Amino acid sequence: MLPVFLLAGLVALSVAGPINLELSSEWELFKSTYVKNYAQEEDLLRRVIWERNLKHVQQHNIEADRGVHTFWLGMNEYADMTPEEFVSAMNGYRMNATKTFQCGKFMTPSHVKLSDLPTTVDWRTEGYVTGVKNQGQCGSCWAFSTTGSLEGQHFKKTGKLVSLSEQNLVDCSQEEGNDGCQGGLMDQAFDYVIENKGIDTEESYPYTAKDGVCKFKKANIGATEVSCMDIEHGSESDLQMAVATVGPISVGIDASHLSFQLYKSGIYVESACSSVNLDHGVLVVGYGDNGCDGYWLVKNSWGTSWGMQGYIMMIRNNDNMCGIATQASFPTV
């Protein structure tokens, strides 16, 4: 039986008109490519949503080609989901978590000025960043953002890039205030690693995209942490200083828009974005500019079919768009 929200959606979308039969082969290819298997009723609903998103993508990209937008959209594996459904399944950053752990305050180095910083930073080229991961339909983005920044700091200290276990955080950090696939906060996950005296490796504690019983083993620790630091709320200049001098930084953003769900390339600008209501945890791994607009280079956790092989360029120094500098932090090791 279809979930209530899908039945309601089917009724609502039934007035949108018949499906376009000329797109049938493309619809079948989409399902085959992303291993989508639906019962007859849900297949119709997904098809209608997919066609509606396809029209949106085509119209947006026509406008982008004319210079109206600075980024392009694409039909990725999430193109048969509504924005509301997508946010509910994928965006697990919870600002109203039950317990908010307070990290220390990041103090910008007194001997370094913004003008001294490089114009472009990309920590991937320096060995700080593991490959793009996929959280699946589990609101565990906060765990991937956490491991990403800790992987970078562990590499900075030891010279070894170790992929760390998001599942360890999903299963074991409830006491710190996180709620597994139902959401959490990076600072609370940092707190867990500190209190737990380490986090297991990805290899020893693989990801399952669902809540499970804590299976942490001290013998499998891949990294430890001493403390964590919060960057000045809303300060993109402080975030730039941290990215340039520290390494990859965990951030929360507003990723609730269809434009983010279907982002493909270019510098992302969304006027409807909130700088206060954040719902998704990601990792800033660098920054730069393309001659016109500055951007943040951001690693997501939705697999490589999304965006620029799993990455997005988000506009920089534009009134803290999407709240990228509102809740930024990193661990110290």
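Refer to the structure presented above.
Residues numbered from 1 in each chain as written. Predicted model: local features only at pLDDT ≥ 70, side-chain atom pairs only at ≥ 80, totals over all residues. Heavy atoms only, no water.

**Digging into the pattern of salt bridges**
Pairs may arise between side chains of opposite charge once their charged atoms sit close together. What the rule picks out here adds up to 11 salt bridges. With a closest N to O distance of 3.2 Å, Glu28 and Lys31 form a salt bridge. Of this pair, Glu28 and Lys31 both sit in helix α2 (residues 24-33), 3 residues apart, roughly one helical turn. Owing to a relative accessible area of 12%, Lys31 belongs among the buried residues under this scheme. Salt-bridge contacts for Arg46 lead to Glu85; the nearest nitrogen and oxygen are separated by 2.7 Å. Taken together, the positions of Arg46 in helix α3 (residues 40-65) and Glu85 in helix α4 (residues 83-90) put the pair 39 residues apart, joining distant regions of the chain. Comparing Arg46 with Glu85, the two get one shared label, buried. If you follow the salt bridges from partner to partner, you end up with Lys133, Glu151, Glu166 and Glu202 in one network. (Salt bridge = Lys/Arg side-chain N within 4 Å of Asp/Glu carboxyl O. Helix = DSSP H or I, 4+ residues; strand = E, 2+ residues; numbered from the N terminus. Buried < 20%, exposed > 50% of the residue type's maximum accessible area, 1.4 Å probe, protein only.)

**Observations concerning the nonpolar core**
One finds Leu239 and Ile249 to be the most contacted residues of the largest nonpolar core, which totals 62 residues. If you look at the next biggest cluster of nonpolar residues, it comprises 21 residues, including Cys103, Leu164, Ala189 and Ala223. (Core = buried A, V, L, I, M, F, W, Y, C linked by side-chain atoms within 4.5 Å.)

**What about the state of the cysteines?**
Per the counting criterion, the structure on display carries 4 disulfides. Between the sulfur atoms of Cys103 and its disulfide partner Cys228 the distance amounts to 1.9 Å. Between Cys103 and Cys228, the disulfide has an S-S torsion of -90 degrees and is therefore left-handed. You can see Cys103 sitting in the loop between α4 and β2 (104-105) and its partner Cys228 sitting in strand β6 (residues 227-230), a full 125 residues away along the chain. Just as Cys103 is buried, Cys228 falls in that class too. With its disulfide-bonded cysteines labelled consecutively along the sequence, the chain is connected as 1-6, 2-4, 3-5, 7-8. Its sulfur unpaired, Cys141 is 9.0 Å from the next cysteine sulfur, which belongs to Cys138. Take Cys141: its relative accessible area is 0%, and that puts it in the buried class. (Disulfide = S-S within 2.5 Å.)

**Comments concerning the packing of aromatic side chains**
Per the stated rule, a full pass over the model turns up 20 aromatic pairs. Relative to Trp50, the ring of Trp27 lies with its centre 5.3 Å away and its plane at 55 degrees, an arrangement referred to as tilted. One end of the pair, Trp27, is in helix α2; the other, Trp50, is in helix α3, and 23 residues separate them in sequence. Here Trp27 falls in the buried class, since its relative accessible area comes to 0%. Geometrically, the ring pair formed by Phe106 and Phe330 is edge-to-face, given 5.6 Å between the ring centres and 80 degrees between the ring planes. Taken together, the residues Phe106 in the loop between β2 and β3 (121-122) and Phe330 in strand β12 (residues 329-332) connect sequence positions 224 residues apart. A relative accessible area of 8% means that Phe106 is categorised as buried. (Phe/Tyr/Trp six-rings, centres within 6.5 Å; stacked < 30°, edge-to-face > 60°.)

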